[in-house]
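The lines below spell out each chain.
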There are 2 protein chains.
Amino acid sequence: MSHTQALCRFLAELNDTHLPEDVLARTEDLYLDWLASALASQGAHPIPLFERYAQKMGPSSGPAQVIVNGASTSAYFAALVNGASSHLVEQDDLHNSSVLHPATVVFPAALAAAQDLGKSGRDLLLASVAGYEAGIRIGEFMGRSHYRIFHTTATVGTLAAAVAVGKLLDFNQEQFINLLGSAGTQAAGLWEFLRDAADSKQLHTAKAAADGLLAAYLTAEGLTGARNILEGDQGLAAGMSSDAEPSKLSADLGSRWALLETSFKFHASCRHTHPAADALLDLMQRERLTAADIAHVETRVHQGAIDVLGRVTVPTSVHQAKFSMGTVLGLIAVHGKAGLTEFHERALTDPAVSSFRDKVSMTLDAEVDGAYPQRWLGRVTVTTLDGRTLHGAIDEPKGDPGNTLSRRELADKFQRLAQFSGARTPLEAHALIEKVWDLRNTASMAHWL
Amino acid sequence: MSHTQALCRFLAELNDTHLPEDVLARTEDLYLDWLASALASQGAHPIPLFERYAQKMGPSSGPAQVIVNGASTSAYFAALVNGASSHLVEQDDLHNSSVLHPATVVFPAALAAAQDLGKSGRDLLLASVAGYEAGIRIGEFMGRSHYRIFHTTATVGTLAAAVAVGKLLDFNQEQFINLLGSAGTQAAGLWEFLRDAADSKQLHTAKAAADGLLAAYLTAEGLTGARNILEGDQGLAAGMSSDAEPSKLSADLGSRWALLETSFKFHASCRHTHPAADALLDLMQRERLTAADIAHVETRVHQGAIDVLGRVTVPTSVHQAKFSMGTVLGLIAVHGKAGLTEFHERALTDPAVSSFRDKVSMTLDAEVDGAYPQRWLGRVTVTTLDGRTLHGAIDEPKGDPGNTLSRRELADKFQRLAQFSGARTPLEAHALIEKVWDLRNTASMAHWL
């Protein structure tokens, strides 16, 4: 049995009774966190473009719901718009070693299909676990070489979304094999947009969720796909990776729950900035430094951080600022935090932040790079104006599995994000939070929002 | 000005007055040929799957038409289903040096958008020329290394379709740059499905046409894309090619009409089999051989033919038989032709064909490989049962630009294809052919079918 076959057998056989309580509960946490990110994007460019596209090309009503505007449409367009919206504010979750943002691709597809099929909250949770477990393993399989050029959340995300929908459609092993074939051959998404601060990140997650759903529905109709799309000579790894490891696909299925390793985002910036941000914050608090005390910050990082963040020198948009190591550290140093509000009110316009930005450099560090992507170490060296050299280090950024957010902290984050865009009042947001905590008892996801 | 910028300026400035008469007329020929391929697929797996998907996810009526069932829907779903259907019977056109099948991705997107926007037949033709010229140059740019793993018609096809729709939306240079970014970052499609005879080829062309259209409509709304998606460090060529040539993107714009170099398919099989098929046919006629006289046929081919056809030894489906060199040559040797009817009635079930199949081998030939992909040379060496060694050679397969099909031959092919599936009676087909020859005078493409 190939690694792909073993993965597909696991996905087909996975059922409710296999899920430990902590996996079920964490899936609810991740779903809440995802919903917050989608709500926070309401009204912000480019989300209304996707809403108008869905109105033009889709049906005027349907079984699935669009989070940012409450419209009902078909499952395909709900997945598309919800996929776009949940990755905009850079607050959605991340799995470290796969460098995959699972929530923004898995949940839009799973919710749309669950609503379309009238499935229960428990079905939705199980399907989402399947999407996380498969997506994370496929991301790990594709390796670091893939991520240098390809946006893993876009490429691998298509397969993760497809798997979640396939689970809601009760696929057997054979159907999962065909599903991976049809999803994998649609996998796309390049990092090139980043240096132009272009809108492709939202296009990527929108399409990954929607294309994954499309693959699953067509597979249910009988469409066949390549049986070895991941490992084959003309497959995904052959075309888009030089360090793929097939054994990652089937390792520890059913004993290791990769979903539990997923990190919540605390800062509203690219995850590659978080280790350094936390290390700097920790150092400044410990040494009682202010921004004005600091002459220079050298961040010692992994290669992936340089690949993704190295393009941005002077950010020209709020979104690009989230990929500027100097801006993120400037917000931390000057304002003590780098949340959505700080980004929107301070990142581009506060002279103290932009002058701090120019004091920050990135250097490849062998220890940090060696630990990555399993561990995201934060290492900074600060030179003070009075001539001292100080070292900051953290081993688990806030939100990492060993330093995770409590339900109280997640609810606070949900309130901040929902109110940032005005999508929900505090009372409405509270009611929605309660609904999420009751997901496992929800008989049907139809009209859930 | 970069090659990409030069291409985008050409696309923006291209207008009706630039098109020579032979380009305009050939575009009508190609459109007719494309329509025939779509009609021929009516009712055949997996096309009804796409029809059902469109009915489930799309609106129940709309401005765009589905060729195989006459349904009206939104432009997105018409492009999707028409893209799937026009590549099924392996009779659609091919541009040699780019190894791109332009019609099956350009026309579905262009027709859907022209119908949606109420554009004229002349607008449709101009937009299609833009799609061909851009798509072919991008295919040549991506090089032979790309085609070894990626299905160029799927990947590059997404950009070709996008350009055609962008032209119908009257894009300026800046919008074309953004459009290429959003289309290029969706480019996907792997050859892996071929060895399993899976259905991905139809998924590829469906998605290329529909995704290209999606990119164009979102660009019109204001979505931005990477400005250097083709040539950039994290762009299409960086991720999916090792021999990209940027100068190909902007070479001879406005003086060389690449559309005129597109070949029509005479045999109903993969184009890689055509040179050998024509060389064998020519040799057998010249030497008055029958299949029973032949002990062995060695076809001397380019590497691309081995990459695509080498996977298939004993075909298990009619579609896979079109990728079996032995089966194609068996049909030629035993029945004198390899059209749709021969494939469906003989390819898998005629013992004379399958025993001939086992007499055929493929060998890499330096001369043939060196000429490819600009020229597709046919070279065969036949050993007869009475011990003779005979050589067959053709330099331009039937349907190539220097050996093209006349309007009479195209009309005959249209009738054969439309009647193969029963999609149109001879009289109906005749009326449709006349409508195509009048395309340049058609005021609006709305309700055209």
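Residues numbered from 1 in each chain as written. Chains lettered and ligands numbered in written order. Predicted model: local features only at pLDDT ≥ 70, side-chain atom pairs only at ≥ 80, totals over all residues. Heavy atoms only, no water.

Just so we agree on the cut-off: UniProt positions are given in the numbering used here, feature names are shortened, and annotations may be inferred rather than shown by experiment.
As recorded in an unreviewed UniProt entry, chain A goes by the name MmgE/PrpD family protein, listed as coming from Pseudomonas petroselini. Per its UniProt entry, chain A bears the Sequence similarities (unreviewed entry) comment "Belongs to the PrpD family."

**A few points about the packing of aromatic side chains**
Rules: Whether two aromatic rings pair depends on their centres lying within 6.5 Å, for rings of Phe, Tyr and Trp, where Trp uses its six-membered ring; planes under 30 degrees apart make the pair stacked, over 60 edge-to-face, and the rest tilted. Going along the chain from the N terminus, every DSSP run of H or I of four or more residues is numbered as a helix, and every run of E of two or more is numbered as a strand. Only protein chains enter the accessibility calculation, which uses a 1.4 Å probe; a residue whose area is less than 20% of its type maximum is buried, one above 50% is exposed, and one in between is partly exposed. Sitting over a ring, as applied to charges here, requires NZ of Lys or CZ of Arg to be within 6 Å of the ring centre and within 35 degrees of the ring normal.
Counted by the stated rule, this structure contains 30 aromatic pairs over all chains. Between Phe77(A) and Phe77(B) the ring centres are 5.9 Å apart and the planes differ by 80 degrees, which places this aromatic pair in the edge-to-face class. Linking Phe77(A) in helix α4 (residues 75-85) with Phe77(B) in helix α4 (residues 75-85), this pair reaches from one chain into another. Look at Phe77(A) and you get buried, because its relative accessible area is 0%. Look at Tyr147(A) and Trp191(A): their rings are 5.4 Å apart centre to centre, the planes differ by 80 degrees, and that puts the pair in the edge-to-face class. Of the two residues, Tyr147(A) sits in helix α6 (residues 121-149) while Trp191(A) sits in the loop between α8 (173-184) and α9 (200-221), which places them 44 residues apart along the sequence. Just as Tyr147(A) is buried, Trp191(A) falls in that class too. An aromatic cluster is present here, built from Tyr53(A), Tyr76(A), Phe77(A), Tyr53(B), Tyr76(B) and Phe77(B) joined pairwise through their rings. Cation over ring: Lys435(B) sits above Trp448(B), and NZ or CZ is 5.0 Å from the ring centre.

**Considering the interface of chain A and chain B**
Quick note on the threshold: Whether two residues touch is decided by their heavy atoms; if any such pair falls within 4.5 Å, the residues are in contact. Buried area: the accessible area, evaluated with a 1.4 Å probe, that two parts lose upon being put together, summed over both parts. The salt bridge criterion pairs a side-chain nitrogen of Lys or Arg with a carboxyl oxygen of Asp or Glu, the two atoms within 4 Å. Polar contacts here mean pairs of N or O atoms no more than 3.5 Å apart (in protein, one a potential hydrogen donor and the other a potential acceptor; neighbouring residues in sequence count only if both atoms are side-chain atoms). Here the nonpolar group is Ala, Val, Leu, Ile, Met, Phe, Trp, Tyr, Cys and Pro; Asp, Glu, Lys and Arg are the charged ones; every other residue, Gly included, is treated as polar.
Listed by partner, the interface residues are 61 residues for chain A and 62 residues for chain B. Between chain A and chain B, the buried area comes to about 5100 Å², and carbon and sulfur atoms account for 60% of it. Here chain A is connected to chain B by four salt bridges. Glu221(A) is the partner of Arg52(B) in a salt bridge, and the nearest nitrogen-oxygen pair spans 2.7 Å. Between chain A and chain B we count 27 residue pairs in polar contact (both at pLDDT 80 or more) in total. Mapped onto the side of chain A that touches chain B, the elements with two or more residues apiece are α3 (47-57), α4, α6, α8, α9 and α10 (236-240) of chain A. By residue number, the principal contributor to the side of chain A that touches chain B is α9(A), which donates ten residues. In terms of residue class, the side of chain A that touches chain B is made up of 29 nonpolar, 18 polar and 14 charged.

**With respect to the nonpolar core**
It is characteristic of soluble globular proteins that their nonpolar side chains tend to be buried jointly. The cut-off we apply is this: To qualify as a nonpolar core, a set must consist of buried Ala, Val, Leu, Ile, Met, Phe, Trp, Tyr and Cys residues joined through side-chain atoms within 4.5 Å.
Tyr31(A), Tyr76(A), Leu213(A), Tyr31(B), Tyr76(B) and Leu213(B) are the most contacted members of the largest nonpolar core, which has 326 residues in total. Contact partners of Tyr31(B), with chain neighbours within four places excluded, come to Phe107(B), Leu111(B), Leu124(B), Val436(B), Leu439(B), Met445(B) and Trp448(B).

**Considering the side chain of Thr153(A)**
All names here are of chain A. Mapped onto the fold, Thr-153 is located in helix α7 (residues 152-168). By relative accessible area, Thr-153 is classed as buried at 0%. With residues near it in sequence (within four places) discarded, Thr-153 still touches Val-99, Leu-100, His-101, Thr-104, Val-105, Thr-158, Thr-205 and Ala-208.

**Description of the UniProt feature "domain: MmgE/PrpD N-terminal" (unreviewed entry) in chain A**
Here the UniProt-annotated "domain: MmgE/PrpD N-terminal" (unreviewed entry) positions come out as residues 5-246 of chain A. Along residues 5-246 of chain A the backbone is 62% helical and 2% strand, and the end-to-end C-alpha distance reaches 11 Å.

**Here's the deal with unusual backbone geometry**
Cis geometry is found at the peptide bond from His45(B) to Pro46(B), where omega equals 5 degrees. On the secondary structure map, Pro46(B) appears in the loop between α2 (21-40) and α3 (47-57). Cis rather than trans, the peptide bond between Tyr372(B) and Pro373(B) has omega equal to 0 degrees. Mapped onto the secondary structure, Pro373(B) falls in the loop between α17 (366-371) and β7 (378-384). Even without being glycine, Val99(A) reaches a positive phi, approximately 50 degrees. One can find Val99(A) in the loop between β3 (94-95) and α5 (103-117). By relative accessible area, which is 7% here, Val99(A) ends up buried. Of note, the phi angle at Ala197(A) is positive, near 55 degrees, even though the residue is not glycine. Along the chain, Ala197(A) falls in the loop between α8 and α9. A relative accessible area of 21% places Ala197(A) in the partly exposed class.

**Structural notes on the pairing of strand β5 (residues 294-301) of chain A**
Residue and element names in this part refer to chain A. For clarity, the threshold we go by: Two strands are counted as paired when DSSP detects at least two bridges linking them.
Relative to strand β7 (residues 378-384), β5 runs antiparallel, the two being bridged by six bridges. In the strand pairing of β7, Ile-294 is matched with Thr-384. Pairing of β5 with strand β6 (residues 360-364) involves five bridges; the strand directions are parallel. Residue pairing for β6: Val-301 is matched across the bridge by Leu-364.

**Brief notes about the UniProt feature "domain: MmgE/PrpD C-terminal" (unreviewed entry) in chain A**
The positions that UniProt labels "domain: MmgE/PrpD C-terminal" (unreviewed entry) are, in the present scheme, residues 267-439 of chain A. Its end C-alpha atoms 27 Å apart, residues 267-439 of chain A is made of 47% helix and 15% strand.

**Some points on the sheet that holds β5(A)**
Residue and element names in this part refer to chain A. Formally: For helices, the axis comes from a line fit to the C-alpha atoms of the stretch in contact; other axes are also lines fit to C-alpha atoms, and the angle between any two N-to-C directions lies between 0 and 180 degrees.
Strand order in this open sheet of four strands is β6-β5-β7-β8, and the pairing throughout is mixed. Looking at which strands have only one partner, the edges of the open sheet turn out to be β6 and β8 (389-394). Put simply, the sheet's adjacent strands are angled 20 degrees from each other on average, direction ignored. The strands that helix α11 (residues 274-287) touches are β5, β7 and β8; relative to β8, the one it contacts most, it runs at about 125 degrees.

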